[in-house]
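Understanding the architecture of this molecule
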Amino acid sequence: MARESVAVGQSQNLNCHLLLLTVVATALSCQSCSTTGHYTVVNRFPHDTTAFTQGLVYSNGHLYESTGRLGLSQLRRVDLQTGSVLTSTDLAADRFGEGLALLNGRLYQLTWKSGIGYVYDAESLTVVDSFNYTGEGWGLATDGTHLIMSDGSESLRFLDPDGFELVREVTVKDKGLPLTQINELEYVSGDLYANIYPSDRVVQIDPVSGEVLNWFGLAGLLPDEERGANTDVLNGIALRAETGNLLVTGKLWPVVFEVRLNGRN
């Protein structure tokens, strides 16, 4: 997909000022606003460029982040405003951290190929339980009742968070065709949002039928001049509940963006 450029002119500056007035009313500071056909950037926050982001959750001013790579995988609590890591727990050197979800005071973290997930106390980030699953672990979200897991295929698994039994499975389809490479997940207002690996696109999915409702292209979100030699793909979606916007980043990115997806159903 070609990168989208944003022209800066008088009309955009006016739109940005109008957006700023709206955002201030909802207690959001918009330092730099830009709009494309698919998204509007309303805020930017610093992000640790050593974080190979695999799972992202936001709660009460903090990001909870699952990072990957063997020997470097962690669960982190991060200050959103500064990007500082406040607390972290290391995974074993042979575990590759993946998707992350927060439910009822517990954080649930997948691993890639180990077939094991970990349950943490959300305050202390100490492991309190673990669970097993077949296949690979990619993304994880929750609808408030179930854990929703992706494994790189077209299937989404709905798991009981207590016994981790499979409750149901949904096949994701776009215009009747199975959609694979479904990665990081976030549940927002009854729908699922997912990164499609290794693209710069996000899809909106009906979690009941599995039908794709919308595609959003986030090309150009991280400008070329802010990319380093190791900057990797878009990955990580978290709802910022107080604004209704999404926090989006990528593996080894220097920025977490707060975005409004234009045309959300």
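Residues numbered from 1 in each chain as written. Predicted model: local features only at pLDDT ≥ 70, side-chain atom pairs only at ≥ 80, totals over all residues. Heavy atoms only, no water.

Points about unusual backbone geometry
Here Tyr197 and Pro198 are connected by a cis peptide whose omega angle stands at -5°. Following the sequence through the fold, Pro198 ends up in the loop between strand E18 (191-196) and strand E19 (201-205). Notably, Arg69 is not glycine yet its phi reads approximately 90°, a positive angle. Along the chain, Arg69 turns up in the loop between strand E4 (62-67) and strand E5 (74-79). Residue classification places Arg69 among the partly exposed residues on the basis of a relative accessible area of 29%. Look at Ser189: it is not a glycine, yet its phi comes out positive at around 50°. Positionally, Ser189 belongs in the loop between strand E17 (182-188) and E18. (Helix = DSSP H or I, 4+ residues; strand = E, 2+ residues; numbered from the N terminus. Buried < 20%, exposed > 50% of the residue type's maximum accessible area, 1.4 Å probe, protein only.)

Quick word on the environment of Leu102
Residue position: Leu102 is located in strand E7 (residues 97-103). Note: C-alpha distance between Leu102 and Val57 (45 residues apart in sequence) is 7.0 Å. Contact partners of Leu102, with chain neighbours within four places excluded, come to Val57, Ser59, Leu107, Ala122 and Thr142. (Contact = heavy atoms within 4.5 Å.)

Quick look at the confidence of the model for the protein
Per-residue pLDDT for the protein has a mean of 89; in total, 86% of the residues score no lower than 70. Segment residues 1-32 is flagged for pLDDT under 50; beyond a separation of four residues in sequence, or across chains, it makes 46 contacts in the model. (pLDDT = per-residue confidence, 0-100.)

Some words on the nonpolar core
Within the largest apolar cluster, 18 residues are counted, with the highest numbers of intra-cluster contacts made by Tyr193, Leu218, Leu221, Leu246, Phe257, Val259 and Leu261. Among the secondary structure elements, those contributing two or more residues to this core are strand E2 (39-46), strand E21 (234-240), strand E22 (245-250) and strand E23 (255-261). A per-element tally of this core places E23 first, with four residues. Discounting chain neighbours no more than four positions away, the residues touching Val259 are Thr40, Val41, Leu221, Asn245, Leu246 and Val248. Ile148, Leu156, Leu185 and Ala194 belong to the second largest nonpolar core, which has 15 residues in total. (Core = buried A, V, L, I, M, F, W, Y, C linked by side-chain atoms within 4.5 Å.)

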